[in-house]
Amino acid sequence: MVERSWVTKAGVCFSSLALIAVLGMGCASQRQLREHTAAAEAAMKAAQDAAKEAKASARKAESVAGRVEAAAKRVEAAAASAERAAEKCAKAFERGLKK
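Small disclaimer: the values here were computed from a predicted structure and weren't measured. (Residues numbered from 1 in each chain as written. Predicted model: local features only at pLDDT ≥ 70, side-chain atom pairs only at ≥ 80, totals over all residues. Heavy atoms only, no water.)

To continue, consider the overall build of the chain. Secondary structure summary: the chain contains 1 helix and 0 strands in total. Within the chain, buried positions represent 0% of all 99 residues. For the chain, the accessible area works out to roughly 9000 Å², and carbon and sulfur atoms hold 65% of it. (Helix = DSSP H or I, 4+ residues; strand = E, 2+ residues; numbered from the N terminus. Buried < 20%, exposed > 50% of the residue type's maximum accessible area, 1.4 Å probe, protein only. Areas by Shrake-Rupley, 256 points an atom, 1.4 Å probe, with all protein chains shown as cover.)

All chains considered together, the criterion is met by 2 salt bridges. For Asp49, the salt bridge is made with Lys45, and the minimal N-O distance between the two is 3.5 Å. Here Asp49 pairs with Lys45, and both are found in helix α1 (residues 6-98), just 4 residues apart, close to one helical turn. We note a salt bridge from Lys73 to Glu69, for which the minimum N-O separation is 4.0 Å. Residue Lys73 and its partner Glu69 are both found in helix α1; the two are separated by 4 residues, about one turn of the helix. (Salt bridge = Lys/Arg side-chain N within 4 Å of Asp/Glu carboxyl O.)

Okay, structure coming up:
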């Protein structure tokens, strides 16, 4: 058998350690990549849920705005009717004063 010098043995050990370190970093990188991917997916789902809620809120706001507009029209009509009734009462009062 051929005996290896201590430089060769040290080189082999160093190379083995370097290979193990590179493989370890690769595994850590993959784990971090999976964690970041999972976090990004969770953030995307949260954003989609928020968008759905915002859309639903917008629809509700539009519905409420429509109801408020309809109520405003009814109030305007009631005010016009009350104004006409007040004019009739004023005319009737004037006629009563003349008699």
